[in-house]
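# Structural overview for review
Spelled out from the first residue to the last, the chains are:
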Amino acid sequence: MDTLQITILKKHKPQIQNLDKVISNLKHYWAINEKHISIINGEVVIFKTDIIKMMKISRPTLDKWIKDGNITPQYSTFFKKHIFPPKLILEQLEAYKEENK
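Please read all numbers here as calculations on a predicted model, not as lab measurements.

## Notes on the overall build of the protein
- When you go through the protein residue by residue, the secondary structure sums to four helices and four strands.
- Mapped in sequence order, the helices and strands of the protein form the string α-β-β-α-α-β-β-α.
- At 17 Å, the protein has a C-alpha radius of gyration far larger than the 13 Å of a compact globule built from 101 residues.
- Across its three principal axes, the protein shows a C-alpha extent of roughly 65 × 30 × 20 Å.
- Here the contacts in the protein between residues at least 6 apart in sequence split such that 59% fall between residues at least 24 apart.
- Taken as a whole, the protein presents about 7700 Å² of accessible surface, with 52% of it coming from carbon and sulfur.
- Here the protein holds 17 positive side-chain charges and 11 negative ones, and the gap between their average locations is 3 Å.

See below:
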């Protein structure tokens, strides 16, 4: 056997696993710590490292979800970088959940 051939017959759309747990973690963290999160110029100050801790996921997982279009962060004009408002992220995750039932 000189060669090995691999054929992909069907591609599956990537899905977020344990979506209910991620949503629950984010809601729980937001409910407890909402008063301690800063808001500057009407923008919630939550960056990538913060949202990762809130949802209890890894950075590569979040990067993959952003790349796949499942989560879209907002660009902050004040900080000149992406921020992750929890209410927006929750809406996006719940919409994704409804689409993929």
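Let's pick the thread back up.
## Thoughts on the packing of helix α1 (residues 19-33) against helix α4 (residues 86-99)
- Following both chains from N to C, one finds α1 and α4 inclined at 160 degrees, their axes separated by 11 Å at the closest point. Viewed along their axes, α1 and α4 adopt a mutual orientation that is roughly antiparallel. α1 and α4 meet at a crossing whose hand is left-handed. Contact with α1, carried on its side by Leu-19, Asp-20, Val-22, Ile-23, Leu-26, Lys-27 and Trp-30, involves Pro-86, Lys-87, Ile-89, Leu-90, Leu-93, Glu-94, Tyr-96 and Lys-97 of α4 and no other residues of that element.
- Residues of the contact of α1 with α4, tallied by class, amount to ten nonpolar, no polar and five charged.

Rules used throughout
- Residues numbered from 1 in each chain as written.
- Predicted model: local features only at pLDDT ≥ 70, side-chain atom pairs only at ≥ 80, totals over all residues.
- Heavy atoms only, no water.
- Helix = DSSP H or I, 4+ residues; strand = E, 2+ residues; numbered from the N terminus.
- Rg over C-alpha atoms; globule rule 2.2 N^0.38 Å.
- Contact = heavy atoms within 4.5 Å.
- Areas by Shrake-Rupley, 256 points an atom, 1.4 Å probe, with all protein chains shown as cover.
- Lys, Arg positive; Asp, Glu negative; His and termini not counted.
- Charge placed at Lys NZ, Arg CZ, Asp CG, Glu CD.
- Axes fitted to C-alpha atoms, helices over the stretch in contact; angles between N-to-C directions.
- Parallel < 35°, antiparallel > 145°, perpendicular 65-115°, else oblique.
- Left-handed = near helix turned anticlockwise from the far one by under 90°.
- Nonpolar A, V, L, I, M, F, W, Y, C, P; charged D, E, K, R; others polar.

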